[in-house]
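The residues making up each chain are set out below.
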Amino acid sequence: MTNTWQDIKNANLVIVMGGNAAEAHPCGFKWVVEAKIENGAKLVVVDPRFTRTASVADYYAPIRPGTDIAFLLGVIRYLLEKDKIQHEYVRAYSNAGLIVKDGFGFEDGLFSGYDHEKGDYDKSSWDYELDEQGFAKVDDTWQHPRCVMSLLRAHVARYTPEMVSRICGTPQDKYLNICEMIADTSAPDKAMTSLFALGWTQHSVGSQNIRAMAMVQLLLGNIGVAGGGMNALRGHSNIQGLTDVGLLSNLMPGYMTLPADHEVTFDDYMKTRQFKPLRPGQTSYWQNYRKFFVSFQKSMFGDAAKAENNWAYDWLPKLDIPLYDIIKAFEMMNQGEMNGYICQGFNPQQAFPDRGKIRRGLSKLKFLVTMDPLDTETSRFWENFGPQNPADSATIQTEVLQLPTTCFAEEDGSLVNSARWLQWHWKAAEPPGQAKSDIWIMSQLFHRIRELYRKEGGAFPDPILNLTWNYTDPTEPASAELAKDMNGRARVDIKDASGAVVLKAGQLLDTFAQLRDDGTTDSGCWIFTGCYTEKGNQMARRDASDPREQGIAPNWAWAWPANRRILYNRASADLAGNPWNPQKPVIQWDSTKWVGIDVPDYGPTVKPSESVGPFIMNAEGTARLFARDQMVEGPFPEHYEPLESPVSNILHPKVSANPAARVFADDRKAFGSPSEFPYVATTYRLTEHFHFWTKHALINAILQPEEFIEIGEVLAQEKGIAQGSWVRVASKRGHVVCKAYVTKRIKPLSVDGKSTHVIGVPLHWGFTGQARKGYGANTLTPSVGDANSQTPEFKAFLVNVESVNGPEV
Ligand SMILES: Nc1nc2c(c(=O)[nH]1)N[C@H]1C(S)=C(S)[C@@H](COP(=O)(O)OP(=O)(O)OC[C@H]3O[C@@H](n4cnc5c(=O)[nH]c(N)nc54)[C@H](O)[C@@H]3O)O[C@H]1N2
Ligand SMILES: Nc1nc2c(c(=O)[nH]1)N[C@H]1C(S)=C(S)[C@@H](COP(=O)(O)OP(=O)(O)OC[C@H]3O[C@@H](n4cnc5c(=O)[nH]c(N)nc54)[C@H](O)[C@@H]3O)O[C@H]1N2
Ligand SMILES: [Mo]
């Protein structure tokens, strides 16, 4: 989230598109209700299904799964055509006026630089034209044919209301009504908030779905303000923390990136990371990368990381491909290239696409370790359950080691919520049986592996032998000790220019601004610096007082970065520092300093006239309507059909799907055609279950006892499917047999003149736990990844459905 849960109440318009907050985030959804009641806000929902969120909306429109970009680029076209943008904001805080290089282009579904053989782009033309000093050239009148605003206008011109409706199946009048409601929030004192989750991310164009809405919000002046923003409602309680501390295979803590194979030396690595400002006077805060990086290496390796060995740069793994995501890992297992797998708090057998492929992969392993409080389908993958598992268990040689762990309630620690708040929690119960904490298990692994290296040597012992491990109980470091490591300390007495000691050796740091690149500070995750200081554990703070009652509560827990609650809050005020909306100011300039209820984006005394932009991480200082080389498939979003789609792309049939999507050759063979699989399927969760987890609890199993699909009345009638009867739903990859729930909440859509049916597949079933056994939604889904994040395309694929007499097993 750029903003916070509480801040949703400040919105004038709430749009839930690409998610179902009332059912998947029922607790946070109260702030939407608050916005409606206290602020007179309207709620708009765009979803293929009429969800419980839709049931309390002021306006609902259906959409075909996988077509949101067409809808949103249509909204942009509408805003530009009707001149419903916040001009002064867009001019100051976006890159609308920056001039793009000659040579950049877009034709027949492809941006300039596409290499058909590699299936990849050379992105060198996706950049600005620079002047002699290396700054981007600007035309703030937006007249230049190659300024971002001109290019954007040309790009979205094709998305007429008629075209949007043909692609999305959304009736034109409903679409236009929503455009109008959105456009009203271009007024400087009006804000719309965008709440989204997996309805957007789980597509081959997932990241561009989100970009498209971010562009809408930017044009409306809705970023940085109270009640605005791009608000990703995240999933597991600590999934925000997972990305923050760099647990994706290409990341390091604090959104630093792992070196690539070709970045042989530390200098190679730094060359592409400390971006110089692209406009005069901008912060381009990644210029401090070296400080964050060196402090991280010091936190990992202590005295062994020194200037002479380039801060132990060589001890970091180097990536030979962009990402080792989960789709890639299972592809490698299937190809026999990965022999062992440690699965910690993860149940891929049910959670990842193409269940048959997952099982075939696990069957080829030498060993599988699961760390989980529960008996999961993954740890029992060898059981002969369901039609996708024809292999005889006896032929599977994988050794499975189950390590029972504790659960969050059985330990102290912090969870990062969607609003970037680090909130401390306290142990509430003793773990049952032989369960051990994840920290204990990982510590054991570390000590035993290090012992082996000590005794036997090995190919590359340095990172293991030199890892810092200074904990009171080395067999199980305390959560508070680990939190202090994340925060960081001064390693020696640090003096200012006059020689006075400003930080004593060992002192916990207050802010990442204190980090240094000379090895005198350490920090395990620079964005967390400030969470655990000499004043104590900031994450444990529980003061709910809220100046101006605007949902900021600065002394409740701690938010990264720097306890800032609304990112880019400098954009809540005009160039002179006066709030766009005087009723709901966030920060403002009081003639000597920035004052207000939140921590400003930059130093409190930086004058507005110095025109430092609010988007301090970007080299431009502005937000980007044109993304340069940041996105894999292009600097502007473009409508591409899902990999499995009922129609080919109306705009450019030759480049129907995302040309840069992650698809392996064998998986492509497992795509079905609309003649065989005529219906669009989408998968989702139910309030009564949490993934594959709560079916182990009897009460949840009683609430939602068995696997079912949702099917509209029209299709059910066509197919002779009665309410509650058995159906067989099949994709090219497998089938499930389950009950049919016939509903009024899914209606056929008219897509390019053809009636198109959507089938809903809730995802929670499996073959362990208390609920009745089921195959699971992922028996059906294709193994396809978003081009940027590799998130699987769980939300749009093809199936067939038929009535059957009874269950199969
Ligand atoms: N009760 C409960 N709550 C949960 C979870 C749970 O398992 N149970 N899981 C948590 C986790 S980990 C996550 S990530 C979040 C997920 O939160 P959500 O993303 O809100 O949850 P989903 O149920 O996957 O719903 C997505 C919605 O998107 C719609 N949709 C599908 N395709 C499209 C499309 O192309 N465009 C649009 N506009 N909409 C589409 C679906 O119809 C569905 O209503 O939920 C969290 N909350
Ligand atoms: N078709 C389809 N598939 C989907 C989705 C979809 O929308 N459609 N959504 C996807 C999404 S967003 C998600 S997040 C995934 C979820 O996929 P998973 O994360 O694999 O599913 P969970 O059931 O939440 O499994 C987490 C496991 O962690 C265990 N656990 C809980 N606490 C602890 C702990 O403290 N330590 C350890 N070691 N283990 C613990 C639980 O017992 C559980 O078995 O599913 C994905 N799969
Ligand atoms: Mo999730």
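Labelled according to an unreviewed UniProt entry, the chain appears under the name Formate dehydrogenase-O major subunit, originating from Hyphomicrobium denitrificans 1NES1. UniProt, in the comment section headed Cofactor (unreviewed entry), describes the chain in these words: "[4Fe-4S] cluster". In UniProt, the chain has this text filed under Subcellular location (unreviewed entry): "Periplasm".

Colleague: Please explain the site of ligand 1 as it appears in this structure.
Modeller: Lining the immediate environment of ligand 1, one finds 32 residues, of which Ala24, Asp47, Gly66, Leu198 and His689 sit closest. Take leucine 198: an N or O atom from its main chain is 2.7 Å from an oxygen atom of ligand 1. At 2.9 Å from an oxygen atom of ligand 1 is found a side-chain nitrogen or oxygen belonging to lysine 795. Considered on its own, ligand 1 offers 920 Å² of accessible surface; in the complex 95% of this is hidden by protein. Residue assignment for the shell around ligand 1 shows that the elements contributing at least two residues are α1 (21-24), α9 (198-201) and β26 (679-684).

Colleague: Mind showing me how you'd approach the site of ligand 2 here?
Modeller: Residues in close proximity to ligand 2 total 28 residues, the closest being His236, Asn347, Ala351, Asp372 and Asn778. Here a nitrogen atom of ligand 2 and a side-chain polar atom of asparagine 778 are 2.7 Å apart. Burial of ligand 2 by the protein amounts to 89% of the accessible area it has alone, namely 910 Å². In terms of residue class, the shell around ligand 2 is made up of 12 nonpolar, 12 polar and 4 charged. When residues of the shell around ligand 2 are sorted by domain, at least three fall in each of domain 1 (6-237) and domain 2 (653-803).

Colleague: It is not clear to me how the UniProt feature "domain: Molybdopterin oxidoreductase" (unreviewed entry) in the chain should be interpreted in this structure. Could you clarify?
Modeller: Per the UniProt record, the feature "domain: Molybdopterin oxidoreductase" (unreviewed entry) sits at residues 1-374. Within the segment residues 1-374, helix and strand shares are 36% and 11% respectively, and the terminal C-alpha atoms sit 31 Å apart.

Colleague: Help me understand the pattern of salt bridges, please; the structure alone is not making it clear to me.
Modeller: Two side chains bearing opposite charge may form a pair once their charged atoms approach each other closely. Under the defined criterion, the tally for this structure stands at 37 salt bridges. Note that arginine 49 is salt-bridged to glutamate 710, the shortest N-O span being 3.3 Å. One end of the pair, arginine 49, is in the loop between β2 (42-46) and α3 (52-55); the other, glutamate 710, is in strand β27 (residues 708-712), with 661 residues separating them in the sequence. Grouping residues by exposure puts arginine 49 and glutamate 710 together as buried. The salt bridge involving lysine 357 is made with glutamate 331; its shortest N-O contact spans 2.7 Å. Taken together, the residues lysine 357 in helix α16 (residues 355-363) and glutamate 331 in helix α14 (residues 326-334) connect sequence positions 26 residues apart. Here the salt bridges do not stand alone but share partners, grouping Asp102, Glu129, Lys137 and Arg146 into one network.

Colleague: Can you walk me through the sheet that holds strand β23 (residues 558-559) in this structure?
Modeller: Remark on secondary structure: sheet strands pair via backbone hydrogen bonds, oriented parallel or antiparallel. Taking strand neighbours across the sheet as the criterion, the 3 strands line up as β15-β16-β23 in an open arrangement whose pairing is antiparallel. Pairing within the sheet leaves two strands with one partner each, and these edge strands are β15 (413-416) and β23. Taken together, the 4 bridges between β15 and strand β16 (residues 421-425) define a ladder with antiparallel strand orientation. Bridge assignment links valine 416 to a residue of β16, and that residue is leucine 422.

Colleague: I'm lost on the UniProt feature "domain: Molybdopterin dinucleotide-binding" (unreviewed entry) in the chain in this one. Help?
Modeller: Taking the UniProt record as the reference, the feature "domain: Molybdopterin dinucleotide-binding" (unreviewed entry) is found at residues 680-797. Summarising residues 680-797: 11% helix, 32% strand, and an end-to-end C-alpha distance of 6 Å.

Colleague: Just checking my understanding: could you explain the domain arrangement of the chain for this structure?
Modeller: Put simply, an interface is often sized by how much accessible area is lost when its parts join up. Split by domain assignment, the chain resolves into domain 1 (6-237) and domain 2 (653-803). Just the C-alpha atoms count here: the centres of domain 1 and domain 2 sit 27 Å apart. Listed per partner, the contact involves 33 residues of domain 1 and 35 residues of domain 2. Here domain 1 packs against domain 2, burying approximately 2700 Å² in sum over the two surfaces, 57% of which is carbon and sulfur. Ranking the residues of domain 1 by area buried against domain 2 places Arg49, Gln202 and Ser204 at the top, with a combined share of 26%. There are 3 salt bridges connecting domain 1 and domain 2.

Colleague: Explanation requested: the sheet that holds strand β32 (residues 758-762) in the structure shown.
Modeller: Reading around the circumference, β26-β32-β27-β29-β28-β33 is the order of the 6 strands in this closed barrel, with mixed pairing throughout. Across the sheet, the mean angle separating the axes of adjacent strands is 45° when strand polarity is ignored. Alignment of β26 against β32, held across 5 bridges, turns out to be parallel. The residue bridging alanine 681 from the neighbouring strand is isoleucine 759, located in β32.

Colleague: Looking at this structure, how should I read the packing of α14 against α16?
Modeller: When two helices pack together, their arrangement is given by the angle between the helix axes and the distance between those axes. In contact at an axis separation of 8 Å, α14 and α16 are set at 55° when each is read in the N-to-C sense. As judged from the angle between their axes, α14 and α16 are oblique. α16 is crossed by α14, and the crossing has left-handed handedness. Where α14 approaches α16, its residues Phe330, Glu331, Met333 and Asn334 are matched on the opposing element by Lys357, Ile358, Arg360, Gly361 and Leu362. A class-by-class count of the residues in the contact of α14 with α16 yields 4 nonpolar, 2 polar and 3 charged.

Colleague: Looking at this structure, how should I read the packing of aromatic side chains?
Modeller: Aromatic ring pairs are defined here through the distance separating the ring centres and the angle between the ring planes. For the coordinates displayed, the defined rule picks out 42 aromatic pairs. Measuring from centroid to centroid gives 5.0 Å for phenylalanine 301 and tryptophan 315, while their planes differ by 85°, and the two rings are edge-to-face. Of this pair, phenylalanine 301 sits in helix α13 (residues 289-301) while tryptophan 315 sits in the loop between α13 and α14; the two residues are 14 residues apart in sequence, bridging distant segments of the chain. Neither phenylalanine 301 nor tryptophan 315 differs from the other in exposure class; each is buried. Taking 5.4 Å as the distance between ring centres and 80° as the angle between the ring planes, the aromatic pair formed by phenylalanine 690 and tryptophan 693 counts as edge-to-face. Since its relative accessible area comes to 30%, phenylalanine 690 is described here as partly exposed.

Colleague: What exactly am I supposed to notice about helix α7 (residues 161-168) here?
Modeller: What sets the pattern is the α-helix's 3.6 residues per turn: residues three or four places apart point alike. For α7, the set of buried residues is Met163, Val164, Ser165, Ile167 and Cys168. In the core, the buried residues of α7 are packed alongside α4 (68-81), α8 (172-183) and β30 (749-751). Glycine 169 lies just past α7 and shows a positive phi near 75°.

What counts, and at which threshold
Residues numbered from 1 in each chain as written. Chains lettered and ligands numbered in written order. Predicted model: local features only at pLDDT ≥ 70, side-chain atom pairs only at ≥ 80, totals over all residues. Heavy atoms only, no water. UniProt positions renumbered as here; feature names shortened; annotations may be inferred. Near = heavy atom within 4 Å. Polar contact = N/O pair within 3.5 Å; in protein donor to acceptor, adjacent residues only side chain to side chain. Areas by Shrake-Rupley, 256 points an atom, 1.4 Å probe, with all protein chains shown as cover. Helix = DSSP H or I, 4+ residues; strand = E, 2+ residues; numbered from the N terminus. Nonpolar A, V, L, I, M, F, W, Y, C, P; charged D, E, K, R; others polar. Domains from an automatic or database assignment. Salt bridge = Lys/Arg side-chain N within 4 Å of Asp/Glu carboxyl O. Buried < 20%, exposed > 50% of the residue type's maximum accessible area, 1.4 Å probe, protein only. Pairing = 2+ DSSP bridges. Contact = heavy atoms within 4.5 Å. Buried area = accessible area lost by both parts, 1.4 Å probe. Axes fitted to C-alpha atoms, helices over the stretch in contact; angles between N-to-C directions. Parallel < 35°, antiparallel > 145°, perpendicular 65-115°, else oblique. Left-handed = near helix turned anticlockwise from the far one by under 90°. Phe/Tyr/Trp six-rings, centres within 6.5 Å; stacked < 30°, edge-to-face > 60°.

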